[in-house]
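A structural walkthrough
Below, each chain spelled out in residue letters.
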Amino acid sequence: MRTAEQRAIPARPERSSVFDSKLLEARLRREVTGDIYFDAFNRGRYSTDASIYQIEPAAVVVPASLNSLKAAIAICTDLGAPIVPRGGGTSQCGQTIGTGVVIDTSKHLNALLSVDAAAKTAVVQPGIVLDQLNKQLKKHGLFFPVDPSTASRATLGGMTANNSSGARSIEYGTMVDNVLAIEAILPSNESFRFGELPADLSALPDDGYGRIAKSLRDIGLREADEVALRFPKLLRRVGGYNIDTISPKGHNLAKVLIGSEGTLGFFTSIELRLADIPPHRMLAICHFPTFYAAMDATRHLVALQPSAVELVDRTMVDLSRNIPIFRPTIEKFVHGEPDALLLVEFSGSDASALTRKLDDVEGVMEGLHLSGAVVNLISNTDQSDIWNVRKAGLDIMSSMTGDGKPVSIVEDCAVGLADLAEFTQELNDMFERFGTKGTWYAHASVGCLHVRPVLNMKSAEDVAKFRGIAEEGFAIVRKYKGSHSGEHGDGILRSEFHAEMFGERLVRAFEDVKDAFDPNGVMNPGKIVRPLRMDDRTLFRYRPEYSALPLDTTLDWSAWPGGLSGAVEMCNNNGACRKDDGLMCPSYMVTKDEEHTTRGRANTLRLALSGQLGADALTSQAMYETLDLCVSCKGCRRECPTGVDMAKMKLEFLHRYRRKHGLGLKDRLVANLPRYAPALRRIAPLLQAGATSSVARHLAERVTGISARRTLPAWRRDVFDHWDPSSATSPTGAKDVVLLVDTFNTYFEPENAWAARDVLEAAGYNVIVPAPVDKRRPLCCGRTFLSAGLVDDARTEIRRSVATLQPYVAAGTPIVGLEPSCLLTFRDEALSVLPGAGTQALAKQAFLFEEFLVRELEAGRFALKLQALPGDTHRALLHGHCHQKAFGALTPAQRVLALIPRLKVETVQSSCCGMAGTFGYDAHHFDISMKMAELSLLPAVRAAGDSAFIVADGTSCRHQIHDGAHREAMHVARVLHSALTSSTERAKTR
């Protein structure tokens, strides 16, 4: 707490930020090229970052060029509108939100400008993402070594503004150690390159740069003794401004800008120091029975000179077991029930020396009476898997359901290693006094541990604890001569506490630094100096008046405390959906728009569900546009660390939207396909003639909206006969299997169903195609109805299927399907559309074709003689359907293809193919659909060569490959059928 003497020193007031918003809009739209947003939906999406705060900006600008950026800054400074620089929006202390104009550099100002491989330097624009930079540097054998856990979406501008660090700072330091120069635009609209300064400043020109350099030199000299007294002597100190770097012998002026959080100038380019990629890395996972033991052991392990020592606590391990993408890693590498893990990494050019280092770790653990408590990882893949768990630490902790979440308060504190065990014990004792507990992870190697108490920020009682924990926690930090901000910066959360941390004199010095750069206070006000109050609830995402609007949902949201609103609020804005690889989020990968991230959609839904976007926002056209490019790939269901399921949320929205606005002809035609397809099979030749006619396709586009640039599925007369009325209606034996053939494989590609039946029969199974209970048309999963938002119709179809399949499910007979989007509907949406014991039982018995084969193979029941494929075809290129990947069901396809002798299976590392059911057929979606396909899938197919099998289980995926690469893709069942050692021309009943 402040002393009476400290409180007597008045704080300098913040400048006023009153400006003419109408003139601002007019000038931005007239003078700036790029995306200019003044609407409530987009301003709402930019009102939050990864912190607890929410501040709605006056406008959002996404400049298309450097000149547009300069124009936007000039307009803002001319009108007195605050400027809030923003990259990935992943700041945890509220650095990238504010009431003025948010300027987002991530979409366009994201280039690697130059690389000097010999000098090991690079120059980048501020919006480039770290992972993308390192991908480009890899060919030079170089990388940028500051590695925050958000590397997949953290921009270099944001990292520089925050003075970021990461797991390997013990070896490479922080941003202040690795940035050589910064070009920045000042609020005066002058642009300068900030870099090394000589001891003698007299030769500097009398311009803005010279005046700032001389002013900062004076501040540094004036405050040198106070800096020596008050600045923590730690590697991980990022609070305030870096006036400790100012020296009368010469210094780098860029270092004062590093960690300035956009409060001094707007970065336009950054010169970086690079490092050689280590040829080898090895990792030891040390298991500890108590958290204290892990903390106490850290100093002994650091003595071995590792490149990283990272903490993972018991809470994080337990939560990871519930996240599909992380569960296999935890099960594989975490032995028993440890209370904490330390990940100890060594890197270098000598693999044998690193192996000896691992032996040394074993020795240290034995000396601590923890023999056999180390798991060594040598392979890069294994190490990557466990590092991915650690990198998702915050997001994993935030996957807790309910209103109580781990909250950032003292989570970025750093202390010396000798004090680490006692310091963490004191914090845990404090949390217990406040009636909560802390979750721990991060950088044990440098005494910077991310600890978050679990609090409900909707509760006034817990908001009071929020303040109390901050005041007591920071007092404990000061007791150990630590830093209250070791990595994540100040922002709104910690700036208020600089007086206690550094003293009032240095706080005034920080204000002098701010005024030297930004005398009118337009650059990101309220951060570092003249701060906002950290517990001002008007700044919170969950303000006192926050509540969810009453809403009758059509889906079952009972798995989430708080129902639909609770599910939406699981998004903590971590930004993992802004990455450029994996499955999530394909539309963002193409557009680079915040609107098209899972985060952007979740934020919009949260604002609508709480009434912050108006009474009719949830069924508005703006909401439809927000969700329109969500292809329901379910990538977020698997890859979002907090479990946001946007596909399910979109379905809930579509149901309400269709009830209000109705259904277009195209959606009605596609939705009802399973109901009219049996009748249209009789005129298949006529339909096919129309589908191949250019005139007919253009007419159809005008009438239905189906793109004329698309080929349509070929209607067949030789459809798959679904059932024999005289066949058994109940299971007959242990080798029974129900083959569930969907609409698409029945009427458009029946060869897939025939192949699957033949393969199953060749393996000795009795294949049953059950007759529907109503003896009418074939069974349907409801997928087409769900894609159109017709949940009631889908419920009818799911009910038919559950009733028909009940006898088989009760007998334990496997239900096997071919089309991933259809079969997996029974394991996903059906549980929410038609909750109940019958649906749950069916979900447990529903398998994709290759999943069933792998299950039987592992049980020793699968015996199928396969031979090498004919000719020179010994390579298969496999593309996974999004839902296969979302449910972890692609590996079985790889395994069954590998059963074919001499066949080499390669998997395309792709996101959504872009067709996504009916999405790619829409005329207004066609271009973006093809852009999704061109990200990785189509280039890989074109490069595969004519002799390779192209394999894809999804009918949409096969169609996209046909249209985009003019290649035929085959279902796994057909590839296996081609390799049967018995007759590959087996008679088929048609």
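Residues numbered from 1 in each chain as written. Predicted model: local features only at pLDDT ≥ 70, side-chain atom pairs only at ≥ 80, totals over all residues. Heavy atoms only, no water.

**Digging into the overall build of the chain**
In terms of regular secondary structure, the chain is built from 45 helices and 28 strands. In terms of overall size, the chain behaves like a compact globule, its C-alpha atoms giving a radius of gyration of 30 Å where 990 residues would be expected to give roughly 30 Å. By its C-alpha atoms, the chain is 95 × 70 × 55 Å across when sized along the principal axes. Expressed as a percentage of the 990 residues in the chain, the buried residues total 62%. A separation of at least 24 residues holds for 76% of the contacts in the chain among residues at least 6 apart in sequence. If you sum the accessible surface of the chain, you get close to 35600 Å²; carbon and sulfur atoms cover 51% of it. Here the chain carries 114 positive and 116 negative side-chain charges, and the mean point of each set is 4 Å from the other. (Helix = DSSP H or I, 4+ residues; strand = E, 2+ residues; numbered from the N terminus. Rg over C-alpha atoms; globule rule 2.2 N^0.38 Å. Buried < 20%, exposed > 50% of the residue type's maximum accessible area, 1.4 Å probe, protein only. Contact = heavy atoms within 4.5 Å. Areas by Shrake-Rupley, 256 points an atom, 1.4 Å probe, with all protein chains shown as cover. Lys, Arg positive; Asp, Glu negative; His and termini not counted. Charge placed at Lys NZ, Arg CZ, Asp CG, Glu CD.)

**Observations concerning the packing of helix 39 (residues 849-858) against helix 41 (residues 890-897)**
Between helix 39 and helix 41, whose axes approach to 8 Å, the crossing angle comes to 65°. Seen along the crossing, helix 39 lies across helix 41 with a hand that is left-handed. For the pair formed by helix 39 and helix 41, the contact residues are Glu850, Glu851, Leu853, Val854, Leu857 and Glu858 on the first element and Pro892, Ala893, Arg895 and Val896 on the second. Tallied by class, the residues present in the contact of helix 39 with helix 41 amount to six nonpolar, no polar and four charged. (Axes fitted to C-alpha atoms, helices over the stretch in contact; angles between N-to-C directions. Left-handed = near helix turned anticlockwise from the far one by under 90°. Nonpolar A, V, L, I, M, F, W, Y, C, P; charged D, E, K, R; others polar.)

**Details of the pattern of salt bridges**
In total, this model carries 73 salt bridges according to the counting rule given. In this structure, Glu511 engages Arg508 in a salt bridge whose closest nitrogen and oxygen atoms are separated by 3.3 Å. Of the two residues, Glu511 and Arg508 both sit in helix 21 (residues 504-517), three residues apart, roughly one turn of that helix. Exposure class is identical for Glu511 and Arg508. Each is buried. One network of salt bridges, with partners in common, ties together Arg675, Asp774, Arg777, Asp793, Glu797 and Arg800. (Salt bridge = Lys/Arg side-chain N within 4 Å of Asp/Glu carboxyl O.)

**Some details on the sheet that holds strand 9 (residues 191-194)**
Strand order across the open sheet formed by five strands is 5-6-12-8-9, with antiparallel pairing between neighbours. Looking at which strands have only one partner, the edges of the open sheet turn out to be strand 5 (112-116) and strand 9. Each strand axis lies, on average, 10° off the axis of its neighbour in the sheet, ignoring direction. (Pairing = 2+ DSSP bridges.)

**Thoughts on the packing of aromatic side chains**
This model, assessed by the stated rule, comprises 21 aromatic pairs. Ring centres of Phe194 and Tyr209 lie 5.2 Å apart, and the angle between their planes is 45°; on these two criteria the pair is classed as tilted. Remark: Tyr209 occurs in helix 8 (residues 208-222) and Phe194 occurs in strand 9; sequence separation between them is 15 residues. Per residue, the accessibility class of Phe194 equals that of Tyr209, and both read buried. Each ring, one from Phe466 and one from Phe540, has its centre 5.9 Å from the other, and the planes form 85°; the classification is edge-to-face. Of the two residues, Phe466 sits in helix 18 (residues 460-479) while Phe540 sits in the loop between helix 21 and helix 22 (563-568), which places them 74 residues apart along the sequence. One exposure class covers both Phe466 and Phe540, and it is buried. An aromatic cluster is present here, built from Phe192, Phe194, Tyr209 and Phe517 joined pairwise through their rings. The residue whose ring lies beneath Arg168 is Trp387, and the NZ or CZ to ring-centre distance is 5.2 Å. (Phe/Tyr/Trp six-rings, centres within 6.5 Å; stacked < 30°, edge-to-face > 60°. Lys NZ or Arg CZ within 6 Å of the ring centre and 35° of its normal.)

**Structural notes on the environment of Leu113**
With respect to the helices, strands and loops of the structure, Leu113 is situated in strand 5. For Leu113, a relative accessible area of 48% gives the class partly exposed. Among all residues touching Leu113, those that are not within four sequence positions of it are Val123, Val124, Gln125 and Ser269.

**Comments concerning the side chain of Arg601**
Among the secondary structure elements, Arg601 is positioned in helix 24 (residues 598-609). It is Glu595 that comes nearest to the buried, bridge-free Arg601 among opposite-charge side chains, at 7.5 Å. At 3.4 Å, the side chain of Arg601 and the backbone oxygen of Thr626 are in polar contact. Look past the residues within four positions of Arg601 in its chain and what remains in contact with it is Cys585, Ser587, Glu595, His596, Thr626, Leu627, Leu629, Cys630 and Met646. (Polar contact = N/O pair within 3.5 Å; in protein donor to acceptor, adjacent residues only side chain to side chain.)

**As for the sheet that holds strand 28 (residues 969-970)**
Spatially, four strands are ordered 26-25-27-28 in an open sheet, and the strand pairing comes out parallel. Here the strands that pair on one side only, and so sit at the sheet edges, are strand 26 (904-907) and strand 28. Of the strands in this sheet, strand 25 (875-879), strand 27 (949-952) and strand 28 touch helix 44 (residues 955-965), which is tilted by about 140° from strand 27.

**With respect to helix 39**
Counting buried positions along helix 39 yields seven of 10 residues, so the element is predominantly enclosed. Within helix 39, the full set of buried residues consists of Phe849, Glu850, Glu851, Phe852, Leu853, Val854 and Glu856. Looking one or two residues past helix 39, Gly860 carries a phi angle of roughly 75°, positive in sign.

**Describing the nonpolar core**
Across soluble globular proteins, you tend to see nonpolar side chains buried next to one another. In terms of nonpolar packing, the biggest core is built from 84 residues, with Leu605, Met623, Met646, Met649, Leu805 and Ile815 touching the most fellow members. By residue number, the principal contributor to this core is helix 35 (residues 791-810), which donates seven residues. When near neighbours in sequence (up to four residues on either side) are disregarded, Leu805 contacts Val738, Leu740, Pro770, Leu779, Ile815 and Leu842. In this structure, Tyr53, Ile55, Val374 and Cys413 belong to the second largest nonpolar core, which totals 62 residues. (Core = buried A, V, L, I, M, F, W, Y, C linked by side-chain atoms within 4.5 Å.)

**Considerations on the pairing of strand 9**
Side-chain alternation along strand 9 places Phe192 and Phe194 on a buried face and Ser191 and Arg193 on a face that remains uncovered. Hairpin geometry of strand 8 (residues 179-185) and strand 9 is characterised by an intervening segment of five residues between the two adjacent antiparallel strands and by a positive phi of about 70° at Asn189.

**Some remarks on empty space enclosed by the protein**
By rolling a water-sized probe across the atoms, one finds the places where empty space is left. Enumeration according to the criterion identifies 12 cavities of 30 Å³ or more in this entry. Counted as a void, the largest cavity has a volume near 610 Å³. Around the largest cavity sit 41 residues that line it, and Thr90, Ser91, Gly158, Met159 and Asn162 are the ones nearest its centre. A total of five residues in the lining of the largest cavity trace back to one element, the largest contributor, which is helix 6 (residues 156-162). Among the residues making up the lining of the largest cavity, the classes are represented as 11 nonpolar, 23 polar and seven charged. Approximately 420 Å³ is the volume found for the second largest cavity. Taken together, 26 residues form the lining of the second largest cavity, with Ile52, Lys405, Arg541, Tyr542 and Asn572 sitting closest to its centre. Contributions of two or more residues to the lining of the second largest cavity are made by strand 18 (404-406) and strand 20 (448-456). Per-element tally for the lining of the second largest cavity: the top contributor is strand 20, with three residues. (1 Å grid on protein atoms, 1.4 Å probe; cavity = no way out; pocket = protein on both sides within 12 Å on 5 of 7 lines; lining within 4 Å. Points joined across faces, edges and corners; volume = space filled by probe spheres on them.)

**Quick look at the packing of helix 35 against helix 38 (residues 837-845)**
In helix packing, the relevant descriptors are the interaxial angle and the interaxial distance, both defined with respect to the helix axes. The interhelical angle for the contact between helix 35 and helix 38, taken along N-to-C directions, is 60°, at an axis separation of 10 Å. One finds that helix 35 runs oblique with respect to helix 38. Regarding helix 35 and helix 38, the two cross each other, and that crossing is left-handed. Of helix 38, the residues touching helix 35 (which contributes Val802, Leu805 and Val809) are Gly838, Thr839, Ala841, Leu842 and Gln845. A per-class count over the contact of helix 35 with helix 38 returns five nonpolar, three polar and no charged. (Parallel < 35°, antiparallel > 145°, perpendicular 65-115°, else oblique.)

**Some details on the side chain of Thr598**
Assignment of secondary structure puts Thr598 in helix 24. Taking the relative accessible area as the measure of exposure, Thr598 reaches 5% and is therefore buried. With near-sequence residues (within four places) excluded, Thr598 lies in contact with Cys577, Met584, Cys585, Cys636, Val644 and Met646.

**Quick look at helix 2 (residues 21-31)**
What helix 2 keeps buried is the set Leu24, Arg27 and Leu28. Taken down its axis, helix 2 places every buried residue within 100° of arc, on the same side. Every exposed residue of helix 2 that faces more than 90 degrees away from the buried side is listed here: Lys22 and Arg30. Each element contacted by the buried residues of helix 2 is listed here: strand 1 (34-37), strand 2 (59-63), helix 4 (66-79) and strand 4 (101-104). Of the residues that open helix 2, the one with a side-chain oxygen 3.1 Å from the backbone nitrogen of Lys22 is Asp20. (Arc of directions from axis to C-beta.)

**Focus on a nonpolar patch on the surface**
Taken together, the side chains of Leu665, Leu669, Leu699 and Val703 present a nonpolar region at the surface, about 350 Å² in accessible area. Residue assignment for the nonpolar patch shows that the elements contributing at least two residues are helix 28 (665-671) and helix 31 (694-704). With respect to the secondary-structure elements, Leu665 resides in helix 28. (Patch = residues over 30% accessible without salt bridge, like charges linked within 9 Å, V, L, I, M, F, W, Y side chains within 5 Å.)

**With respect to the confidence of the model for the chain**
The share of residues in the chain with pLDDT of 70 or more is 96%, and the mean pLDDT across the chain is 93. Below pLDDT 50 for its whole length, residues 1-12 participates in 21 contacts with residues either more than four positions away or in separate chains. Predicted confidence is poor over residues 983-990, with pLDDT under 50, and the contacts of this stretch with residues over four places away or in other chains come to 16 contacts. (pLDDT = per-residue confidence, 0-100.)

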